[in-house]
Amino acid sequence: MRRGNHGNLSPEQVDRYDTEGYLVIPDLLDEADMAPVRAAMTEKVDRIAHDLIDAGLIDDPLDDEPFATRLARLFDGLDSDHFLTFGRSWRDRIPGYFTLMSNPKILDALESLIGPEIFANPVYNVRPKVPRVAAGTVPWHQDKSYWPDANSNPVVTVWISFVDATLENGCLHVLPRTQREKVHAFHRETYSGTGFTELDIEAIGLVRDKSIALPVKAGTAILFNDRLVHSSTRNDSDHVRWSVDLRYQPTNQDPMTAHGAGFLARSRSRPGRVAELSDWLAERPERIPDHTAEPD
Ligand SMILES: O=C(O)CCC(=O)C(=O)O
């Protein structure tokens, strides 16, 4: 991992990330940064509404319902299986997500942690945590349990909420300093239908009361190491807790192609290779130089 004097985090922030395993960056994104992402989420919700109509499950796509509540209202009266079929988390290639993953504010912060050659890992989730659906509850786990054999270290998760994340709507909870531990034994949970990986934290000697809840405003980013133990609770509010979790790593790590195609998000050494939207949509990890172009 090369860090050098890159990025825009302060030495205190880098130190905090290294020590605690996570870092909260308040208000990293503003409304202009969030708008294309909310538009992409809305486009997906439109598709879901029409799938639900085609399946004969609803009559009204609720076009006028606000962003924060529309998906929740669409699922009113449906059950968890419908949510798992139509609503859980997505990895669609809608342009607003690429705009987000390439946002210089995110990359500038990451550069302080992993250096200037940054690869966007293929694992990213757009997560609508719908009220009172079991699949919205995420048990204690380490992200690394999803890629235990991948030779990629470190992977940094960038978690961002698009509504205020609160104790009531199921914000993130972390167990600080657990990033220094091995990948603990885990199993696939069976109650929610998602098959999320789950640790038995009492069995591994981690004490639940050491956990910290991280309620944050929309646009705040939480960066964490892929060994940090974390979870999130049920959404007991009346609206959707919209979030994304993105992942990044240095370019000299395993690109984890079994999980899909990531992309070159920033490179000081090969800037011409940084993926553009058309590359990402075509699942190309980087820009292919145009050898047919006339020299200047
Ligand atoms: O967003 C959540 O509720 C959980 C996120 C999570 O577990 C992750 O990003 O790894």
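By the naming in an unreviewed UniProt entry, the chain goes by Chemotaxis protein CheX and is assigned to Agromyces rhizosphaerae.

Asker: Kindly report on helix H3 (residues 67-75), identifying the contributing residues and their values.
Answerer: One turn of an α-helix holds 3.6 residues; hence residues three or four places apart share an orientation. Within the span of H3, buried status applies to Thr69, Arg70, Leu71, Ala72, Leu74 and Phe75. On its buried side, H3 packs onto helix H2 (31-54), helix H4 (80-86), strand E3 (125-129) and strand E12 (241-250). Two residues or fewer after H3 comes Gly77, characterised by a positive phi angle close to 85°.

Asker: If you had to explain helix H1 (residues 11-20) to someone new, which residues and values would you point to?
Answerer: Listed as buried for H1 are Val14, Tyr17 and Glu20. Down the axis of H1, the smallest arc covering the buried residues is 155°, so these residues share one side. The exposed residues of H1 that point more than 90 degrees off its buried face are Pro11 and Glu12. Where the residues of H1 are buried, they touch strand E1 (22-25), helix H6 (104-114), strand E5 (156-161) and strand E10 (221-225). A positive phi of about 90° marks Gly21, the residue just after H1.

Asker: Describe the nonpolar core, and please don't skip the residues or the numbers.
Answerer: Counting residues in hydrophobic clusters, the biggest one holds 59 residues, and the most contacted among them are Leu71, Tyr97, Ile106, Trp242 and Tyr248. In this structure Ile106 touches Leu28, Leu29, Leu100, Val158, Ile160, Leu246 and Tyr248, once residues within four positions along its chain are discounted. Listed in part, the 11 residues of the second largest apolar core include Trp159, Ala165, Cys171 and Leu172.

Asker: Can you tell me about the site of the ligand, naming the residues and giving the values?
Answerer: Among the 14 residues in the neighbourhood of the ligand, the closest are listed as Asp143, Trp159, His230, Ser232 and Arg241. Between the ligand and Arg127 there is a distance of 3.4 Å, counted from an oxygen atom to a side-chain nitrogen or oxygen. Considering the ligand on its own, with 300 Å² of exposed area, one finds that the protein chains cover 99% of that surface. Elements represented by at least two residues in the shell around the ligand include exactly E3, strand E4 (138-141), strand E11 (229-232) and E12. It is E12 that provides the largest number of residues to the shell around the ligand, a total of 4 residues. Here the residues of the shell around the ligand are counted per class, giving 4 nonpolar, 4 polar and 6 charged.

Asker: Can you break down the packing of aromatic side chains residue by residue, with the values?
Answerer: Applying the stated criterion across every chain yields a total of 6 aromatic pairs. Measuring from ring centre to ring centre gives 5.2 Å for Phe67 and Trp242, while their planes differ by 20°; the resulting arrangement is stacked. Highlighted residues: Phe67 in helix H3 and Trp242 in strand E12, separated in sequence by 175 residues. Geometrically, the ring pair formed by Phe98 and Trp280 is tilted, given 5.6 Å between the ring centres and 35° between the ring planes. Of this pair, Phe98 sits in helix H5 (residues 95-101) while Trp280 is found in helix H7 (residues 277-281), placing the two residues 182 residues apart along the sequence. Neither residue differs from the other here; Phe98 and Trp280 are each classed as buried. Among the aromatic side chains, those forming a connected cluster through ring pairs are Phe98, Tyr124, Phe263 and Trp280.

Asker: Give me the side chain of Ser231: which residues, what numbers.
Answerer: Within the secondary structure, Ser231 is located in strand E11. Residue Ser231 is classed as buried on the basis of its relative accessible area of 6%. Every residue in contact with Ser231, bar those within four places of it in the chain, is listed here: Val138, Pro139, Trp140, Cys171, Leu172 and His173.

Asker: I'd like a description of the pattern of salt bridges, backed by residues and values.
Answerer: What the rule picks out here adds up to 22 salt bridges. A salt bridge links Asp92 to Lys44, with the shortest nitrogen-to-oxygen separation between them at 3.3 Å. Within this pair, whereas Asp92 is found in the loop between H4 and H5, its partner Lys44 is found in helix H2, the two being separated by 48 residues in sequence. Of the two residues, Asp92 and Lys44, neither departs from the other in class, the shared state being buried. A salt bridge links Arg247 to Asp143; the shortest N-O distance between them is 3.1 Å.

Asker: Could you give an account of the sheet that holds E11, with specific residues and numbers?
Answerer: With antiparallel pairing, the 4 strands of this open sheet are ordered in space as E4-E11-E6-E9. One side of each edge strand has no neighbouring strand; the edge strands of this open sheet are E4 and strand E9 (212-214). When strand polarity is set aside, the average angle formed by the axes of neighbouring strands in this sheet is 20°.

Asker: Please set out the packing of H2 against H3 residue by residue, giving values where relevant.
Answerer: For the pair H2 and H3, the least separation of the axes is 11 Å and the interaxial angle reads 15°. Considering their axes alone, H2 and H3 lie roughly parallel with respect to each other. Judged by the sense of rotation from one axis to the other, the crossing of H2 with H3 is left-handed. In this structure, H2 uses Arg38, Met41, Thr42, Val45, Asp46, Ile48, Ala49 and Leu52 to contact H3, whose residues at the interface are Phe67, Arg70, Leu71, Leu74 and Phe75. Looking at the contact of H2 with H3 residue by residue, the classes come out as 9 nonpolar, 1 polar and 3 charged.

Parameters at a glance
Residues numbered from 1 in each chain as written. Predicted model: local features only at pLDDT ≥ 70, side-chain atom pairs only at ≥ 80, totals over all residues. Heavy atoms only, no water. Buried < 20%, exposed > 50% of the residue type's maximum accessible area, 1.4 Å probe, protein only. Helix = DSSP H or I, 4+ residues; strand = E, 2+ residues; numbered from the N terminus. Contact = heavy atoms within 4.5 Å. Arc of directions from axis to C-beta. Core = buried A, V, L, I, M, F, W, Y, C linked by side-chain atoms within 4.5 Å. Near = heavy atom within 4 Å. Polar contact = N/O pair within 3.5 Å; in protein donor to acceptor, adjacent residues only side chain to side chain. Areas by Shrake-Rupley, 256 points an atom, 1.4 Å probe, with all protein chains shown as cover. Nonpolar A, V, L, I, M, F, W, Y, C, P; charged D, E, K, R; others polar. Phe/Tyr/Trp six-rings, centres within 6.5 Å; stacked < 30°, edge-to-face > 60°. Salt bridge = Lys/Arg side-chain N within 4 Å of Asp/Glu carboxyl O. Pairing = 2+ DSSP bridges. Axes fitted to C-alpha atoms, helices over the stretch in contact; angles between N-to-C directions. Parallel < 35°, antiparallel > 145°, perpendicular 65-115°, else oblique. Left-handed = near helix turned anticlockwise from the far one by under 90°.

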